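The chain contents come next:
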Protein chains: 2
Amino acid sequence: MYEISTFYPQKIIDKGDSMATLIQEKVRQAVSILAEQDIDLWLIFVRETSVNSDPILPVIYGEATLTRQSALLIHRSGETIAIVGRIDAETTRLIGAYQTIIPCDGGISQNLLSELQRLNPAKIAINTSLSNVMADGLSYGMYQLLLKMLADTPYGKRLCSAEDIIAALNGRKTATEIDLIKAAIAETLDIYQHTYKFMNPGMTEKDVADFMHKQIADRNLLAAWTYEGCPAVNSGPDSPVGHAAPTDIQLEPGHLVHFDFGVQKDGYCSDIQRMVYLLRTEESEAPVEVLQGFDLVRQAIEAAREVLRPGVTGLEVDQAARKVIVDAGYPEYHYATGHQLGKRAHDGGGILGPQWEVYGDLPNQMIEKDQVYTIELGIALEGYGYIGLEEDVLVTEDGNVYLGEPQTQLVLK
Amino acid sequence: MYEISTFYPQKIIDKGDSMATLIQEKVRQAVSILAEQDIDLWLIFVRETSVNSDPILPVIYGEATLTRQSALLIHRSGETIAIVGRIDAETTRLIGAYQTIIPCDGGISQNLLSELQRLNPAKIAINTSLSNVMADGLSYGMYQLLLKMLADTPYGKRLCSAEDIIAALNGRKTATEIDLIKAAIAETLDIYQHTYKFMNPGMTEKDVADFMHKQIADRNLLAAWTYEGCPAVNSGPDSPVGHAAPTDIQLEPGHLVHFDFGVQKDGYCSDIQRMVYLLRTEESEAPVEVLQGFDLVRQAIEAAREVLRPGVTGLEVDQAARKVIVDAGYPEYHYATGHQLGKRAHDGGGILGPQWEVYGDLPNQMIEKDQVYTIELGIALEGYGYIGLEEDVLVTEDGNVYLGEPQTQLVLK
């Protein structure tokens, strides 16, 4: 192959422009965020993104790669400019999110400088951040190149971080994005229904996971996270919950079976935990302690939902849910109560989490309308297994709504 | 999913440790390169590589992701240290390339500092480069974090670029890597043989490409570059050669059919162009001008091979091949005569290319033993189509060898 491989324009056409529509929507959203944050220009500066990409690029340019040095300029006035290699110009045109496309054969510095001179921005945001990996796409080498290009201009001194732009843009889902997440959730819940019918005592965790993997493949979906651990399947008290792939442990009557599973459909993810109880021969209902444990987890999820609304912090939401578990005498869970959901199962930005060092400033960020969060927590029930539930919710103007039917009763098999 | 997803240790075990063996081999090779380049320590500093990875990480850590802030330290003495989140420690242990694994629960700065104090390196290479994207994996935010960690120490002033380490490490293939590339080439040549049998006049370029895509899937391989353009199939004089996916153009008697195709097998790629001539009813041999064109392209490839050996530059190789084409009266081709091949079809580092601005310094780099290059070029033959060939060769001590049987005669159908 005699040129550096890039994305074929056909791909966008084949997908009926829905991908392009979404990118256009996100770029328009970025414009409004610039005005809100009083930043004149957002400058995305990349090269050979097939080798080293910028994590925000899929949101504002899509799956296509940019072969040579390229700059995307989004101005608060609504003007959008793409300075790209000639080889990528047609793809950029088809994406339709950039009004002006400047194809370059050599370097881009002259074109970039003349656009900056024309726009004369007072603040230029670039993709660098100490704490938010989604907003830290600019490499140190590219930063140095940019400073070189801007030497002898006033613009080098006008650079600032785009981390707040990226947190807002990635966090606030558009109507199209919410529909895509809903579609991923619907597939997930449907796969769960098929799995409940399929699973039976005597099968191993791996057998059940294989069935779910086949469902993913048959529906042309992808796993929402690392394939080996998506789904997680934990049957009974001896199954290692957490970072482990499904094992050869057999499903047995009297086991709680815990699932953690999500799919990626059309670029957007779901992330949902579900619970099944395997009845013993003499049982027609789960034991009372199992039902109580399930209800406690349900209550804690609803306690989080009571608090979750624009203007509160993720920390407050976490505390509400955590308190329910701890007050009932269970040890507190060693993870956050929720994270954002979108193009990735863990979509970055603020979390519904405790003030632990490892989470840095993420639990203190303000919840905003149109963000999508998971709410997830659990307890270990001695003799039966782990009870964990996870639901996906959308933050509304004054609260939140489920994006899929929540599990309110144990599934019995 | 309640923790940031990482790689499941099982994956390495399932692959029979061959992946781990390869990573161990590359890390040992890195140690010898440090001694050769008189650099004491190579420091790879990353975080959440599932969101924003470092392009060299697959070579020295594999496909696994590093969840939290992590530092890999490779010392010229042969000592190797991985300071990683506790969640990733087991995976790191299974990779087996790092003798000391330091699991961290919070930040890594204290552990990193104490290792630096113990080793007291005079030169510390970090992944930053103005020109080599493979060597520019450190983000600007992470660079600033590193400087913060090293404040009040002498180490901040001892940082240098790892670009020469990375160019050498990625360029010089180990015996295991060469075997893997050979295996990818063997699959490719076999798929070509099946394709020659399958293809017939009346089919479209897309039909032929679909057949090859099915071969890729049936053999559990991946396309070596963007799926839509791998293979490229060009039939006859009207097919757009270059960056275009196969079209609805029909194969016809009297067409030259040009292929550009490669596969990825076990993480390594092939990249090979092949030529078929479709005989007209009355023909039992290709027309003389077609045979002459094919021979010219063959000659140019052999002219490049004559020059290609350790110690020459890629520019010299390019000139030798280009001269054959231009001397025969054809316009010179608008791309480089070759690029390196490995984990990626375009594997970075020096190229066999002309001194054009867009290639920067890449044509002037010295050829080294154990590098793998493509040699590829072509001419447009009026009335028949494009004649392009591409072979993959390994640089030896005093020359180079083909890694797969070259095409020395037109395939006739």
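Residues numbered from 1 in each chain as written. Chains lettered and ligands numbered in written order. Predicted model: local features only at pLDDT ≥ 70, side-chain atom pairs only at ≥ 80, totals over all residues. Heavy atoms only, no water.

Asker: Is there a simple way to think about the pairing of strand E13 (residues 372-381) of chain B in this case?
Answerer: For a regular strand, side chains alternate in direction, first toward one face of the sheet and then toward the other. Residue and element names in this part refer to chain B. Where burial is concerned, most of E13 is hidden: 9 out of the 10 residues are buried. In terms of strand pairing, E13 meets strand E14 (residues 385-395) through 10 bridges, oriented antiparallel. Bridge pairing links Ile 375 to Glu 391 in E14. (Buried < 20%, exposed > 50% of the residue type's maximum accessible area, 1.4 Å probe, protein only. Helix = DSSP H or I, 4+ residues; strand = E, 2+ residues; numbered from the N terminus. Pairing = 2+ DSSP bridges.)

Asker: Where do I start with the packing of helix H2 (residues 18-37) of chain A against helix H8 (residues 175-198) of chain A in this structure?
Answerer: In a packed pair of helices, the relevant descriptors are the angle between the two axes and the axis-to-axis distance. Residue and element names in this part refer to chain A. Orientation of H2 relative to H8, taken along the N-to-C sense of each, is 130 degrees, at an axis distance of 9 Å. Considering their axes alone, H2 and H8 lie oblique with respect to each other. Contact residues: Leu 22, Glu 25 and Lys 26 in H2; Ala 175, Thr 176, Glu 177 and Leu 180 in H8. When its residues are assigned to classes, the contact of H2 with H8 shows 3 nonpolar, 1 polar and 3 charged. (Axes fitted to C-alpha atoms, helices over the stretch in contact; angles between N-to-C directions. Parallel < 35°, antiparallel > 145°, perpendicular 65-115°, else oblique. Contact = heavy atoms within 4.5 Å. Nonpolar A, V, L, I, M, F, W, Y, C, P; charged D, E, K, R; others polar.)

Asker: So what exactly am I meant to see when it comes to unusual backbone geometry here?
Answerer: The phi angle of most residues is negative, glycine excepted, and most peptide bonds adopt the trans form. Cis geometry marks the peptide bond from Cys 230 of chain A to Pro 231 of chain A, where omega comes out at 15 degrees. With a phi close to 55 degrees, Asp 38 of chain B is a non-glycine residue in the positive phi region. Looking at the secondary structure, you find Asp 38 of chain B in the loop between helix H2 (18-36) and strand E1 (41-46). Owing to a relative accessible area of 44%, Asp 38 of chain B belongs among the partly exposed residues under this scheme. Its identity as a non-glycine residue notwithstanding, Asp 370 of chain B has a phi of 75 degrees, on the positive side. You can see Asp 370 of chain B is positioned in the loop between helix H11 (314-327) and E13.

Asker: Looking at this structure, how should I read the domain arrangement of chain A?
Answerer: Bring the parts together and some accessible area is lost; that lost area is often taken as the interface size. Residues and elements named next belong to chain A. Domain parsing of chain A yields domain 1 (10-170) and domain 2 (172-412). The distance between the C-alpha centroids of domain 1 and domain 2 comes to 35 Å. Counting from both sides, the interface comprises 13 residues of domain 1 and, opposite them, 13 residues of domain 2. Of the roughly 1200 Å² buried at the junction of domain 1 and domain 2 (both faces included), carbon and sulfur atoms supply 45%. The largest per-residue losses of area from domain 1 upon contact with domain 2 belong to Leu 22, Glu 25 and Asn 170, which jointly make up 39% of the total buried on that side. Seen at the junction of domain 1 and domain 2, the total is 2 salt bridges. Arg 172 is paired through a salt bridge with Glu 36; the nearest N and O atoms lie 2.7 Å apart. Between domain 1 and domain 2 we count 9 residue pairs in polar contact (both at pLDDT 80 or more) in total. (Domains from an automatic or database assignment. Buried area = accessible area lost by both parts, 1.4 Å probe. Salt bridge = Lys/Arg side-chain N within 4 Å of Asp/Glu carboxyl O. Polar contact = N/O pair within 3.5 Å; in protein donor to acceptor, adjacent residues only side chain to side chain.)

Asker: Hey, could you run me through the sheet that holds strand E3 (residues 80-85) of chain A in this one?
Answerer: Strand pairs in the sheet, formed through backbone hydrogen bonds, run parallel or antiparallel to each other. Residues and elements named next belong to chain A. Read across the sheet, 6 strands follow the order E4-E3-E2-E1-E5-E6 without closing on themselves; strand pairing throughout is mixed. What marks the edges here is a single partner per strand, and that holds for strand E4 (100-104) and strand E6 (159-161). In this sheet, neighbouring strand axes are inclined to one another by 25 degrees on average, regardless of whether the strands run parallel or antiparallel. Here 3 bridges tie strand E5 (residues 124-126) to E6, and the two strands are oriented parallel to one another.

Asker: Whenever I open this one, helix H9 (residues 205-218) of chain A confuses me. Can you help?
Answerer: An α-helical turn contains 3.6 residues, so a residue and the one three or four places further along point in the same direction. Residues and elements named next belong to chain A. Taking 1.5 Å of rise per residue, 14 residues should cover 20 Å, and H9 covers 20 Å from first to last C-alpha, within 8% of that figure. Restricting attention to buried positions, one finds in H9 the residues Glu 205, Val 208, Ala 209, Phe 211, Met 212, His 213, Gln 215 and Ile 216. Residues of H9 that are buried make contact with H8, strand E7 (222-223), strand E8 (232-235), strand E9 (256-261) and strand E10 (263-265). Looking one or two residues beyond H9, the residue adopting positive phi is Asn 220, at roughly 55 degrees. (Expected span 1.5 Å × (residues − 1).)

Asker: I would appreciate a short explanation of the sheet that holds strand E4 (residues 100-104) of chain B in the present structure.
Answerer: All names here are of chain B. The strand order across the open sheet built from 6 strands is E4-E3-E2-E1-E5-E6, with neighbouring strands paired in mixed fashion. Here the strands that pair on one side only, and so sit at the sheet edges, are E4 and strand E6 (159-161). Geometrically, the sheet is characterised by an average inter-axis angle of 25 degrees between neighbouring strands, direction not taken into account. Bridge count for E1 against strand E5 (residues 124-126) is 2 bridges, and the pairing is parallel. In the strand pairing of E5, Leu 41 is matched with Ile 124. Of the strands in this sheet, strand E3 (80-85) and E4 are in contact with helix H4 (residues 86-95), which crosses E3 at around 145 degrees.

Asker: Hey, could you run me through the confidence of the model for chain A in this one?
Answerer: Detailed reading of the predicted coordinates is not advisable wherever pLDDT is low. All names here are of chain A. Scored by pLDDT, chain A comes out at a mean of 93, with 95% of its residues at no less than 70. Low pLDDT, under 50, characterises residues 4-16; the predicted model gives this stretch 39 contacts beyond four residues in sequence or across chains. This prediction of the complex comes with two scores: 0.88 for pTM and 0.87 for ipTM. (pLDDT = per-residue confidence, 0-100.)

Asker: Would you mind going over the packing of aromatic side chains with me for this structure?
Answerer: In this description, an aromatic ring pair is defined by two values, namely the gap between the centres and the angle between the planes. Evaluated as defined, the whole model comprises 17 aromatic pairs over all chains. Here the aromatic rings of Tyr 143 of chain A and Tyr 140 of chain B are separated by 3.6 Å at their centres, their planes lie at 15 degrees, and the arrangement is stacked. A residue pair is termed interchain when its members come from two chains, as with Tyr 143 of chain A in helix H6 (residues 140-150) and Tyr 140 of chain B in helix H6 (residues 140-150). Just as Tyr 143 of chain A is buried, Tyr 140 of chain B falls in that class too. Centre to centre, the rings of Tyr 192 of chain B and Phe 261 of chain B are 5.8 Å apart; their planes meet at 85 degrees, and the pair counts as edge-to-face. On the criterion of sequence distance, the pair formed by Tyr 192 of chain B in helix H8 (residues 175-198) and Phe 261 of chain B in strand E9 (residues 256-261) is long-range, its members being 69 residues apart. Tyr 192 of chain B gets classed as buried once you look at its relative accessible area, which sits at 1%. Overall, the relative accessible area of 0% leaves Phe 261 of chain B in the buried class. Taken together through their ring pairs, the aromatic side chains of Tyr 140 and Tyr 143 of chain A together with Tyr 140 and Tyr 143 of chain B make up a single cluster. Positioned over the ring face of Tyr 402 of chain B is Arg 305 of chain B, at 4.1 Å from the centre of the ring. When the ring centre of Tyr 333 of chain B is taken as reference, the NZ or CZ atom of Arg 322 of chain B above it lies at 4.2 Å. (Phe/Tyr/Trp six-rings, centres within 6.5 Å; stacked < 30°, edge-to-face > 60°. Lys NZ or Arg CZ within 6 Å of the ring centre and 35° of its normal.)

Asker: Can you walk me through the packing of H8 of chain B against helix H9 (residues 205-218) of chain B in this structure?
Answerer: Residue and element names in this part refer to chain B. Direction vectors running N to C along H8 and H9 enclose 145 degrees, while the axes themselves pass 10 Å from each other. Between H8 and H9 the crossing geometry is right-handed. On H9, the residues touching Ile 191, Tyr 192, His 194, Thr 195 and Phe 198 of H8 are Asp 207, Val 208, Phe 211, Met 212, Gln 215 and Ile 216. (Left-handed = near helix turned anticlockwise from the far one by under 90°.)

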